[in-house]
Each structure stands twice: as C-alpha cells, then as structure tokens.
Amino acid sequence: MKGAEEFTVDSFAGYRTRLKVAGRERKILVQLNVANVTDEDVFQPLRYNLLGTGYARGLLARPRSFRLTFGIDY
C-alpha cells in the first residue's frame with residue numbers, strides 16, 4: 001500500500017516558579033499544550049473495502065488546538 005506520509009506533532013512548554021499567595025509561598029505551574037502543531041488536515045485512509053474499490057474506513061486529523069493550564073501546590 002502506498003499513500004501520503006503523516007507528520008503530526010504535539011508540543012508543550014511549562015514553567016514552574018514560587019509565588020507568595022495569602023502570606024505563604026506556593027509552587028506555581030503554568031503550561032501551554034499545543035495539539036497538531038504542524039496543522040495537518042489530510043484525510044488518512046485506514047482500510048479499503050473488500051473489493052478494493054474505495055475506502056471502508058478513514059481518519060481525519062484533529063484540528064490544531066491550544067490549552068493553557070495553571071496549577072498551585074498548597
């Protein structure tokens with residue numbers, strides 16, 4: 001079977017620091033997650049039908065998305 005190559009990448013970057021909150025020092029975490037960094041949007045065939053004349057199953061790449069999270073240890 002031959003087809004187009006698939007190149008999807010997910011990435012994240014995080015930062016930890018200490019911050020004084022309500023008179024006490026707390027550990028703070030900030031993290032940015034990016035899904036599908038390369039913004040691939042190509043249909044990927046997974047399986048052909050029994051006759052080989054078309055696709056029985058395929059996969060669409062999820063769209064690029066961003067998620068920013070904050071965490072505080074206490």
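Think of each chain on its own: its residues are numbered from 1, step by step along the sequence as written. Residues qualify for local features only when their pLDDT is at least 70, as the model is predicted, and side-chain atom pairs are given and counted only at 80 or more; totals for whole chains, interfaces and linings, by contrast, use all residues. Side-chain numbers come from the whole structure's heavy atoms, not from hydrogens or water.

Section: unusual backbone geometry
Applied cut-off: Only DSSP runs of H or I covering at least 4 residues are called helices, and only runs of E covering at least 2 are called strands; the numbering of each starts at the N terminus.
Despite not being glycine, Asn36 has its phi angle at roughly 60°, a positive value. Of note in this structure, Asp39 is not a glycine but carries a positive phi near 55°. As for its position among the elements, Asp39 is in the loop between strand 2 (24-35) and strand 3 (44-48).

Considering the sheet that holds strand 5 (residues 65-73)
For the record, the criterion: Pairs of strands are assigned from DSSP output, requiring at least two bridges between the strands. To define axes, lines are fitted to C-alpha atoms, for helices over the stretch in contact only, and angles between the resulting N-to-C directions are given on a 0 to 180 degree scale.
Here 3 strands make up an open sheet; going across it, the order is 1-2-5 and the pairing antiparallel. At either margin of the open sheet sits one strand with a lone partner, and together these are strand 1 (11-21) and strand 5. Sheet twist, expressed as the mean angle between neighbouring strand axes with direction ignored, is 15°. Looking at chain direction, strand 2 and strand 5 are connected through 9 bridges and run antiparallel. The residue of strand 5 that forms the bridge with Lys27 is Asp73.

Focus on a nonpolar patch on the surface
Note the following rule: A patch consists of residues whose relative accessible area exceeds 30% and which take part in no salt bridge; residues with like charges are grouped when within 9 Å of each other, and nonpolar side chains (Val, Leu, Ile, Met, Phe, Trp, Tyr) when within 5 Å. Accessible surface area values rest on a Shrake-Rupley calculation with a 1.4 Å probe, where residue burial reflects the displayed protein chains alone. Salt bridges, as used here, are contacts in which a Lys or Arg side-chain nitrogen is within 4 Å of a carboxyl oxygen on Asp or Glu. Any residue under 20% of the maximum accessible area for its type is buried, any over 50% is exposed, and the rest in between are partly exposed; the area is computed with a 1.4 Å probe on protein chains only.
A surface patch of nonpolar side chains, about 470 Å² in accessible area, is lined by Leu32, Phe66, Leu68 and Phe70. No other element matches strand 5, which puts 3 residues into the nonpolar patch. Structurally, the position occupied by Phe66 is in strand 5. Judged by relative accessible area, which is 59%, Phe66 ranks as exposed.

Re the environment of Glu40
In plain terms, the rule: Throughout, a contact is declared for two residues whenever any of their heavy atoms are within 4.5 Å.
With respect to the helices and strands, the residue Glu40 is situated in the loop between strand 2 and strand 3. It is 21 Å that separates the C-alpha atoms of Glu40 and Ala13, two residues lying 27 residues apart in sequence. Beyond its immediate sequence surroundings of up to four residues, Glu40 is in contact with Phe7, Thr8, Ala61 and Arg62.

Structural measurements only, silent on function.
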